[in-house]
Number of protein chains: 2
Amino acid sequence: MERYRIGLIPGPVRIPEEIKRIWLNDYASPDIEDEFFTLYHEDQILIRRLLNTKNDIIITLGEAMSVLWAALKSTLKQGDRMLAVSSGLFGDGFAEMSRAFGVNAEVCSFPYDEIPDPEKVREHALKFRPKVITAVHCETPSGTLTTCLHEIGKIAREVDALFVVDFVSSAGGAFLDVDYYNIDIGLLGSQKVLSLPPSLSISSISERAWEIIEKVKYSGYEAYSGWKNVPSEHLTPYTHDWNAVKALNISLNMILSEGLENVFKRHENTAKLCRSLGREIGLKLYPKSEDICSPTVTAFYVPEKFTWPEFDSRLREKGLAVGGNYGILSGKVFRIGHMGSQADCELISEAMNIIRELC
Amino acid sequence: MERYRIGLIPGPVRIPEEIKRIWLNDYASPDIEDEFFTLYHEDQILIRRLLNTKNDIIITLGEAMSVLWAALKSTLKQGDRMLAVSSGLFGDGFAEMSRAFGVNAEVCSFPYDEIPDPEKVREHALKFRPKVITAVHCETPSGTLTTCLHEIGKIAREVDALFVVDFVSSAGGAFLDVDYYNIDIGLLGSQKVLSLPPSLSISSISERAWEIIEKVKYSGYEAYSGWKNVPSEHLTPYTHDWNAVKALNISLNMILSEGLENVFKRHENTAKLCRSLGREIGLKLYPKSEDICSPTVTAFYVPEKFTWPEFDSRLREKGLAVGGNYGILSGKVFRIGHMGSQADCELISEAMNIIRELC
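Residues numbered from 1 in each chain as written. Chains lettered and ligands numbered in written order. Predicted model: local features only at pLDDT ≥ 70, side-chain atom pairs only at ≥ 80, totals over all residues. Heavy atoms only, no water.

*Asks:* So, the overall build of chain A: which residues are in play, and what are the values?
*Replies:* Looking only at helices and strands, chain A has twelve helices and 13 strands in total. Its C-alpha radius of gyration of 20 Å places chain A within 12% of the 21 Å reference for a compact globule of 359 residues. Projected onto the principal axes, the alpha-carbon positions of chain A cover approximately 60 × 55 × 35 Å. When contacts within chain A are restricted to residue pairs at least 6 apart in sequence, long-range pairs at least 24 apart make up 74% of them. Each charge class in chain A was averaged separately, 39 positive and 49 negative side chains, and the resulting centres sit 4 Å apart. (Helix = DSSP H or I, 4+ residues; strand = E, 2+ residues; numbered from the N terminus. Rg over C-alpha atoms; globule rule 2.2 N^0.38 Å. Contact = heavy atoms within 4.5 Å. Lys, Arg positive; Asp, Glu negative; His and termini not counted. Charge placed at Lys NZ, Arg CZ, Asp CG, Glu CD.)

Here is the structure:
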């Protein structure tokens, strides 16, 4: 369907009215106007607050996959070693992407319904001595939250590796402390908690990361070089999107004026409600324990009496859209996305009532 | 300034109201809905009409630079030979970008105020035997239109090279026949004639190009692989932007219902008016002859009595924004962008009146 009555896909999420209206504005050329660079800089400051970091923030044009590629290609060369800490599809993806350009990638692998065990990561890292360690904060397909980023970050420092973290579907909806976790490159997309269209990507980049980036000297659309001093140089490597950068500003201000703690609580409360209503209905949670469930997305097994296509079409008949799955989880596990504009207890109650009628 | 009263920057151009309103809509997830793939396919068909081609069309997320990189990285490997036919900044850029990833690039170079001479291109190509020949249809910084794409395309076939053309700032505003010109990969951005935000890029890809792309097997954000069969596979390599793909649909329908011939005439008439009013005022055209002037952008020398910053700020005081320049043209040549929504004789008259008052 083209529009959802009750949309609970785990991204792209519904765009709030205040944000959509930004596209009605006329803006000048972002290539040359001071006001654009002032706005970009304001967004950088707001994102630093969102992520708890003093690191550089860069805002680029492209879907979130663009910064996943950017982080790998800007820091790794053919033959370099990278370790992908993985308990899910996106964790594994980092290794596959790295191998595609000749990197020696190993996976420190954990079951998809669990989260990484730092002790095993440490052993693997000490033996393999990677240049880069990657991790995923929220594994959207599994509905898990890697709560041990701080421990993995410490290990990265111990072996002198850069720590690259995909927090595409958690940042803003779950507590995150980029500096405390020692995250050298943090990656965020716009269509999840920020509730924007999927055309912007955000990276936080530490000084340690910039040193490597400047040595690797990668050139390409997603290259980080050229982005280090955008506000002071008044120059971007390509024409930026003023509407999108303004919409990001509105979104960040909405989140920060609600209060980060309140936004986290709203996500946590919605997730808790989703899990408890699921339990009442008899749905089986996919993650092994409630402690590792993400506040932004909940993954349940598809009820046994249905195939996924049957279940999906029955829900859709009643106007409810939830997320299916990919890879080994395809057909087995479905997801309820309650991030950003969809972190809303009423929406979840309404959705779970529809599921209850079917189960 | 944040908004222009009279905006004549050569892209991003003013977005028409009908297009801006698309962002008020709620759309579902482009990852899973049949309606999205139907819309994407409809856009492909409309773009084929715009470009006069039967080739594949792919629509990706990112500024136009993303497809310039895509075309080079998807067809060239380290050590391969490429020939950049260049009479401007973007022509030269193709060679610089290729060298950045180890390609053996040569430039068949012409003055920026002229266009390429096919005879010299032929000589160079026969000697160098490149795998890829690049050209630029409209050199936006110089305001020139390469009117000999057909001849260069024939040379590319003669030496069995792929022919890659940047028509970012001309397609839709100037006659273009991708199939007749033998263009294997054609590159288009959204913020020029299409009058959209700069978040979409479009590539036309021939079967010959796909064969090379499949051999080169480039992986990265801008990689073409994964895009060949989007509508039939119902799969994109990352989450697409439904609003933008719908806005593109509105834009293409606006152009095609006005009639391509009429749209070309509107651009040509606006450009002619701009040049003749410029002549009246005493402005000196940058291109050596009127025959090679682009219908989408006009480049004049900055009047001798002003420095560019003075001239620019005097025009801005009166609400008029025109384009400055880059590289060797910086400070010397300014541009009036009359493409897409700005191909409007009234707008040009108003702008030239303001310039007349100053000169």
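So much for the structure itself; the text now carries on.
*Asks:* Before we move on, could you go through the interface of chain A and chain B and cite the residues and values that matter?
*Replies:* Each partner contributes residues to the interface: chain A has 49 residues there, and chain B has 49 residues. For the pair chain A and chain B, the summed buried area comes to about 4,100 Å², and 57% of that belongs to carbon and sulfur atoms. Applying the counting rule to chain A against chain B returns four salt bridges. The residue B:Asp26 makes a salt bridge to A:Lys20 at a minimum N-O spacing of 3.1 Å. Summed over the shared surface of chain A and chain B, the number is 24 residue pairs in polar contact (both at pLDDT 80 or more). Of all the secondary structure elements, the ones that give two or more residues to the side of chain A that touches chain B are α3 (65–75) and α9 (242–258) of chain A. (Buried area = accessible area lost by both parts, 1.4 Å probe. Salt bridge = Lys/Arg side-chain N within 4 Å of Asp/Glu carboxyl O. Polar contact = N/O pair within 3.5 Å; in protein donor to acceptor, adjacent residues only side chain to side chain.)

*Asks:* Provide a residue-level description of the relation of the copies chain A and chain B, including the pertinent values.
*Replies:* Superposition of chain A onto chain B requires a rotation of 180 degrees combined with a translation of 0.0 Å along the rotation axis, giving an RMSD of 0.0 Å. With respect to symmetry, the two chain copies, as superposed, fit the operation of a two-fold axis. For chain A, the residue whose C-alpha comes nearest the rotation axis is A:Gly62, separated from it by 2.3 Å. A share of 100% of interface residues in chain A that are also interface residues in chain B marks the association as one of identical surfaces. (Least-squares fit on C-alpha atoms with pLDDT ≥ 70 in both.)

*Asks:* An account of the sheet that holds strand β8 (residues 162–166) of chain B is requested, with residue identities and associated values reported.
*Replies:* Residues and elements named next belong to chain B. Taken together, seven strands build an open sheet; the order of strands is β2-β10-β9-β8-β5-β3-β4 and the sheet is mixed. Looking at the sheet topology across the chains shown, the edges are occupied by β2 (56–61) and β4 (104–109). The average undirected angle you get between the axes of adjacent strands in this sheet is 20 degrees. Alignment of β8 against strand β9 (residues 185–189), held across three bridges, turns out to be parallel. (Pairing = 2+ DSSP bridges. Axes fitted to C-alpha atoms, helices over the stretch in contact; angles between N-to-C directions.)

*Asks:* Residues and numbers for unusual backbone geometry, please.
*Replies:* Residues and elements named next belong to chain A. Omega for the bond connecting Gly11 with Pro12 falls within 30 degrees of zero, at -5 degrees, which places this linkage in the cis form. Here Pro12 lies in the loop between β1 (6–8) and α1 (17–20). Although it is not a glycine, Arg129 adopts a positive phi angle of roughly 50 degrees. Here Arg129 shows up in the loop between α5 (118–128) and β5 (132–136). Residue classification places Arg129 among the partly exposed positions, given a relative accessible area of 39%. (Buried < 20%, exposed > 50% of the residue type's maximum accessible area, 1.4 Å probe, protein only.)

*Asks:* If you had to explain the pairing of strand β10 (residues 200–205) of chain B to someone new, which residues and values would you point to?
*Replies:* Along a regular strand, successive side chains alternate from one face of the sheet to the other. Residues and elements named next belong to chain B. When you tally the buried positions in β10, you get six out of six residues, the bulk of the element. Direction of pairing for β2 relative to β10: antiparallel, over a ladder of six bridges. When the sheet's bridge partners are listed, Thr60 is paired in β10 with Ser201. Where β9 meets β10, five bridges bridge the pair, whose relative direction is antiparallel. Paired with Leu187 across the two strands is Ser203, which belongs to β10.

*Asks:* Lay out the side chain of A:Asp56 in plain terms, naming residues and giving numbers.
*Replies:* All names here are of chain A. Relative to the helices and strands, Asp56 is located in strand β2 (residues 56–61). A distance of 2.7 Å separates a polar atom in the side chain of Asp56 from a polar atom in the side chain of Trp210. Not counting residues up to four positions away in its chain, the partners in contact with Asp56 are Arg48, Ser203, Ser204, Ile205, Trp210 and Lys228.

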